[in-house]
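Residue strings, one per chain:
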Amino acid sequence: MISLDKITTRGKALYLAYDQGFEHGPSDFNDENIDPNFILDIGIKSGSNAIILQKGIAEKYYFRSEHAKKIPLILKLNGKTNLVEGQDPYSPLLCTVDEALDLGAVALGYTIYVGSEFESKMTSEFSSVVRQAHEKGIPVIGWMYLAGKSIAGKDKKELTAYCARLGLELGADIIKIKYPGDLESLKWAVESAGKTKVVISGGVKEDEKEFLETAKTIMETEAIGMAVGRNIWQNKNPIEIAKKLKEIIFK
Ligand code: FBP
């Protein structure tokens, strides 16, 4: 088994996600949180387990900086913009395992759009990443996100569990899935992931109280934690909400 010690605390984790500038464009940002240093500071001051960055930001703001000594890096190896419409999504591999390790990454992330017509390209790239990373003892996190025409109208509970199972079968050490909307569905997904650990993504910014209630529900399952972006760094008090989340996750 690949060790998760560098990116977990007593088996639990809160990751600060900051790849939205790539996935959604700067429309997610304001004058403060458009600055990667602002986000790194939140990650460090809140004691998050790791920060998730694409390679360009990692190279210019993390590599050989003071930050690198204070918060571990999860390098996101693939990505896509939201500008291309009318076709199922494909997220190409943009950074190699070696490049990520040279930038100081202690874990790697890769999105698979499960259900997309390009799914097989992504499962194939993901498998290759897992092979190379595991040779070096590095954990891989699979962002297992449902997408594509073929999943329309299908049962969310079963689809989410399918994403989770696929992560296990592909050799992911951790999978990151979206909250399927209720406790029972999430429990089934976590069970389907077997020995692969599960973290839940944050999603669009919500009312703080509701978001923290959802986090409590999530932690009633065997999920090990969350990977959150906008619900932390779009909050007026990002460090405080990250600390509240930590209380829920690590209690
Ligand atoms: P958020 O907490 O901001 O949703 O970040 C988690 C994340 O998985 C990011 O890593 C990624 O950029 C984003 O969600 C993708 O969100 P969406 O599927 O809504 O485009």
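Scroll up a little and you will see the structure.
This report concerns the structure included in the present document. (Residues numbered from 1 in each chain as written. Predicted model: local features only at pLDDT ≥ 70, side-chain atom pairs only at ≥ 80, totals over all residues. Heavy atoms only, no water.)

## Digging into the nonpolar core
- By size, the foremost hydrophobic cluster in this structure holds 80 residues, and its most contacted members are Ile-7, Tyr-15, Leu-75, Leu-108 and Met-226.
- A per-element tally of this core places strand S4 (residues 105-114) first, with eight residues.
- What Met-226 contacts, discounting residues up to four positions off in sequence, is Ala-13, Leu-14, Tyr-15, Val-199, Ile-200, Ser-201, Phe-211, Ala-215, Ile-218, Leu-245 and Ile-249. (Core = buried A, V, L, I, M, F, W, Y, C linked by side-chain atoms within 4.5 Å. Buried < 20%, exposed > 50% of the residue type's maximum accessible area, 1.4 Å probe, protein only. Helix = DSSP H or I, 4+ residues; strand = E, 2+ residues; numbered from the N terminus. Contact = heavy atoms within 4.5 Å.)

## Points about the pattern of salt bridges
- Following the criterion strictly, the structure yields eleven salt bridges and no others.
- With a closest N to O distance of 3.9 Å, Lys-55 and Glu-99 form a salt bridge. Residue Lys-55 is located in helix H3 (residues 55-62), and its partner Glu-99 is located in helix H4 (residues 97-102); the two are separated by 44 residues in the primary sequence.
- The class of Glu-99 is partly exposed, set by a relative accessible area of 35%.
- Residues Lys-149 and Glu-117 are paired through a salt bridge, measuring 3.4 Å at the closest nitrogen-oxygen approach. Here Lys-149 is found in the loop between strand S5 (140-146) and helix H6 (156-170), whereas its partner Glu-117 is found in the loop between S4 and helix H5 (119-135), with 32 residues between them in sequence.
- For Lys-149, a relative accessible area of 55% translates into the label exposed.
- By sharing partners, the salt bridges in this structure join Asp-88, Glu-117 and Lys-149 into a single network. (Salt bridge = Lys/Arg side-chain N within 4 Å of Asp/Glu carboxyl O.)

## Some words on the site of the ligand
- Close to the ligand lie 14 residues, the nearest being Asp-19, His-24, Tyr-145, Lys-176 and Lys-178.
- Here Asp-19 contributes a side-chain N or O atom positioned 2.7 Å from an oxygen atom of the ligand.
- Relative to its free-state accessible area of 460 Å², the ligand is covered by the protein chains to the extent of 86%.
- Contributions of two or more residues to the shell around the ligand are made by helix H1 (20-23) and S5.
- A breakdown of the residues in the shell around the ligand according to their chemical character gives four nonpolar, five polar and five charged. (Near = heavy atom within 4 Å. Polar contact = N/O pair within 3.5 Å; in protein donor to acceptor, adjacent residues only side chain to side chain. Areas by Shrake-Rupley, 256 points an atom, 1.4 Å probe, with all protein chains shown as cover. Nonpolar A, V, L, I, M, F, W, Y, C, P; charged D, E, K, R; others polar.)

## Observations regarding the side chain of Ser-116
- If you trace the backbone, Ser-116 turns up in the loop between S4 and H5.
- Only 2.7 Å separates the side chain of Ser-116 from the backbone oxygen of Pro-89, close enough to count as a polar contact.
- Among the polar contacts listed, one links the side chain of Ser-116 to the backbone nitrogen of Phe-118, at a separation of 3.0 Å.
- Setting aside anything within four residues of it in sequence, one finds Ser-116 in contact with Asp-88, Pro-89, Met-122, Ala-147 and Gly-148.

## Topic: the packing of aromatic side chains
- One pass over the structure, following the stated rule, counts five aromatic pairs.
- Measuring from centroid to centroid gives 5.5 Å for Tyr-18 and Phe-29, while their planes differ by 40 degrees, and the two rings are tilted. Taken as a pair, Tyr-18 in the loop between strand S1 (13-17) and H1 and Phe-29 in the loop between H1 and helix H2 (36-46) lie far apart in primary sequence, eleven residues in all.
- Looking at Tyr-18, the relative accessible area reads 3%, which means it is buried.
- Judged by its relative accessible area of 17%, Phe-29 falls in the buried class.
- The structure contains a cluster of three or more aromatic residues connected by ring pairs, namely Tyr-18, Phe-29 and Trp-233.
- The ring of Tyr-90 carries Lys-121 above its face, with NZ or CZ at 4.3 Å from the centroid.
- Above the face of the Tyr-145 ring, Lys-178 is positioned so that its terminal group lies 4.3 Å from the ring centre. (Phe/Tyr/Trp six-rings, centres within 6.5 Å; stacked < 30°, edge-to-face > 60°. Lys NZ or Arg CZ within 6 Å of the ring centre and 35° of its normal.)

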